[in-house]
Amino acid sequence: MHTLILSISFSVAVSIFLKLARAGKIQVDQAIAVNYATAAALSVWLLRPPLDTLFEQPPAVWLILGLLGVLLPTVFLVMAAAVRRAGIVRSDTAQRLSLILPILAAFLVFHEVLSGRKAFGIALALCALACLLARPRANGARLPARAMAHQEEPQESAARGWAVLLGVWAGYGCIDILFKQMARIGAGFTGSLLLSFVLAGLLMCLWLLFRRTRWDARSLASGILLGGLNFGNIYFYIRAHQTFPDNPTLVFAAMNIGVISIGTLVGAGVFRERLSPLNMLGIGLALGAIVLLFPR
């Protein structure tokens with residue numbers, strides 16, 4: 001269980017970094033590029049993958065690695081576009097609802113047996129997500145007409161807003177499924193993880209060079225911290241799947257709901273974000289869902 005707790009903690013730490021980065025005027029795309037280089041270096045140093053056989057992977061592994069190499073940086077960029085076009089709340093909702101895709105894959109692809117206990121746990125988890133994603137209203141105060149007009153999304157960009165939200169939802173769901181499949185393959189785990197970081201970093205750097213990015217030293221340096229946090233998150237997430245190979249639903253649900261629960265508490269305690277009674281109910285439901293999904 002400690003692998004899940006560590007993965008959730010690192011994931012929340014990544015979210016805190018991104019929240020503080022906005023206030024610190026850090027160029028997140030540059031930090032993301034350095035993040036993958038840092039994660040790759042940590043993989044070589046801590047995991048010690050067999051470099052002499054690193055490229056001796058079966059075709060199925062190369063397919064997963066190629067998809068991860070594209071999806072990992074792309075979903076970061078799609079998320080940024082979603083926040084810009086559709087807003088933070090709607091983007092966050094789309095990301096968390098991606099939980100539906102790996103849960104469906106657990107039964108349709110990975111052939112997990114659906115018991116009554118698990119079905120009730122999944123239903124409870126989805127209810128918890130709905131409660132936790134609800135945002136308290138600002139005391140019912142009505143905004144001035146000018147402010148309301150400023151918040152309204154232009155009609156011509158509405159379609160693009162929904163497109164990027166769909167990309168966030170599908171992207172994060174597919175990444176979860178691919179990590180599960182990588183864990184199922186078993187052999188060559190450390191080398192596969194290293195290759196996914198390298199491929200993602202190379203594609204991100206090529207994208208930045210294509211945009212003729214003006215490099216910022218502080219943003220690049222912050223990517224080292226982001227890389228350490230991201231490495232811990234992904235590493236312990238895959239280890240959790242290996243610890244519970246016959247219960248992927250537990251890992252999928254506990255990871256997503258655990259991140260939201262702890263993130264909600266951190267937002268209230270550190271960033272003074274308001275918690276409604278519905279949010280508090282969601283935290284309770286999340287704990288109940290994790291208990292139900294935990295293997296007996």
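Draft legend 1. Looking closely at the pattern of salt bridges. One pass over the full model with this rule turns up one salt bridge. Residues Arg211 and Asp29 are paired through a salt bridge, measuring 3.3 Å at the closest nitrogen-oxygen approach. With a gap of 182 residues between them, Arg211 in the loop between helix 9 (189–210) and helix 10 (217–243) and Asp29 in helix 2 (residues 28–47) connect regions that are remote in the sequence. Arg211 gets classed as partly exposed once you look at its relative accessible area, which sits at 47%.

Draft legend 2. Region of interest: the side chain of Asn233. The topology assignment puts Asn233 in helix 10. Accessibility expressed as a relative area gives 14% for Asn233, which makes it buried. Excluding anything up to four places from it in sequence, Asn233 contacts Ser7, Phe10, Ser11 and Met255.

Draft legend 3. Representation of helix 1 (residues 2–23). Taking 1.5 Å per residue, 22 residues should reach 32 Å; helix 1 reaches 32 Å between its end C-alpha atoms and fits that length. Here helix 1 has its buried residues at Thr3, Leu4, Ser7, Ile8, Ser11, Val12, Val14, Phe17 and Ala21.

Draft legend 4. Highlighting the packing of aromatic side chains. Applying the stated criterion across every chain yields a total of four aromatic pairs. Ring geometry for Phe10 against Phe236: centres 6.0 Å apart, planes inclined by 5 degrees, an arrangement best described as stacked. Of this pair, Phe10 sits in helix 1 while Phe236 sits in helix 10, placing them 226 residues apart in sequence. The interplanar angle of 10 degrees and the centroid separation of 5.8 Å between the aromatic rings of Phe231 and Tyr235 together place this pair among those described as stacked. Of the two residues, Phe231 and Tyr235 are both situated in helix 10; the distance of four residues between them amounts to about one turn of the helix. With respect to class, Phe231 is no different from Tyr235; both count as buried.

Draft legend 5. Fine view of the packing of helix 1 against helix 10. Their axes nearest at 8 Å, the elements helix 1 and helix 10 cross at an angle of 150 degrees. It follows from the interaxial angle that helix 1 and helix 10 lie roughly antiparallel. The interaxial crossing formed by helix 1 with helix 10 has left-handed handedness. Looking at side-chain class alone, the contact of helix 1 with helix 10 contains twelve nonpolar, nine polar and one charged residues.

Draft legend 6. Focus on the nonpolar core. One finds Leu68, Phe179, Leu193, Phe197 and Phe231 to be the most contacted residues of the largest nonpolar core, which totals 70 residues. Those residues in contact with Phe197 that sit more than four places away from it in its chain are Tyr36, Ala39, Ala40, Ser43, Phe231 and Ile234. Met79, Ala81, Ala82 and Val168 belong to the second-largest nonpolar core, a separate cluster that totals seven residues.

Draft legend 7. Highlighting unusual backbone geometry. Despite not being glycine, Lys25 shows a phi value in the positive range, around 55 degrees. When you line up the elements, Lys25 lands in the loop between helix 1 and helix 2. The class for Lys25 is exposed, based on a relative accessible area of 65%.

Draft legend 8. Local environment of the packing of helix 2 against helix 9. Between helix 2 and helix 9, whose axes approach to 9 Å, the crossing angle comes to 155 degrees. Taken together, the axes of helix 2 and helix 9 lie roughly antiparallel to each other. Considering how the two elements wind past one another, helix 2 and helix 9 form a crossing that is left-handed. Here Asp29, Gln30, Ile32, Ala33, Tyr36, Ala39, Ala40, Ser43, Val44 and Leu47 of helix 2 lie close against helix 9, whose contacting residues are Thr190, Leu193, Leu194, Phe197, Val198, Ala200, Gly201, Met204, Cys205, Trp207 and Leu208. Tallied by class, the residues present in the contact of helix 2 with helix 9 amount to 16 nonpolar, four polar and one charged.

Cut-offs and rules
Residues numbered from 1 in each chain as written. Predicted model: local features only at pLDDT ≥ 70, side-chain atom pairs only at ≥ 80, totals over all residues. Heavy atoms only, no water. Salt bridge = Lys/Arg side-chain N within 4 Å of Asp/Glu carboxyl O. Helix = DSSP H or I, 4+ residues; strand = E, 2+ residues; numbered from the N terminus. Buried < 20%, exposed > 50% of the residue type's maximum accessible area, 1.4 Å probe, protein only. Contact = heavy atoms within 4.5 Å. Expected span 1.5 Å × (residues − 1). Phe/Tyr/Trp six-rings, centres within 6.5 Å; stacked < 30°, edge-to-face > 60°. Axes fitted to C-alpha atoms, helices over the stretch in contact; angles between N-to-C directions. Parallel < 35°, antiparallel > 145°, perpendicular 65-115°, else oblique. Left-handed = near helix turned anticlockwise from the far one by under 90°. Nonpolar A, V, L, I, M, F, W, Y, C, P; charged D, E, K, R; others polar. Core = buried A, V, L, I, M, F, W, Y, C linked by side-chain atoms within 4.5 Å.

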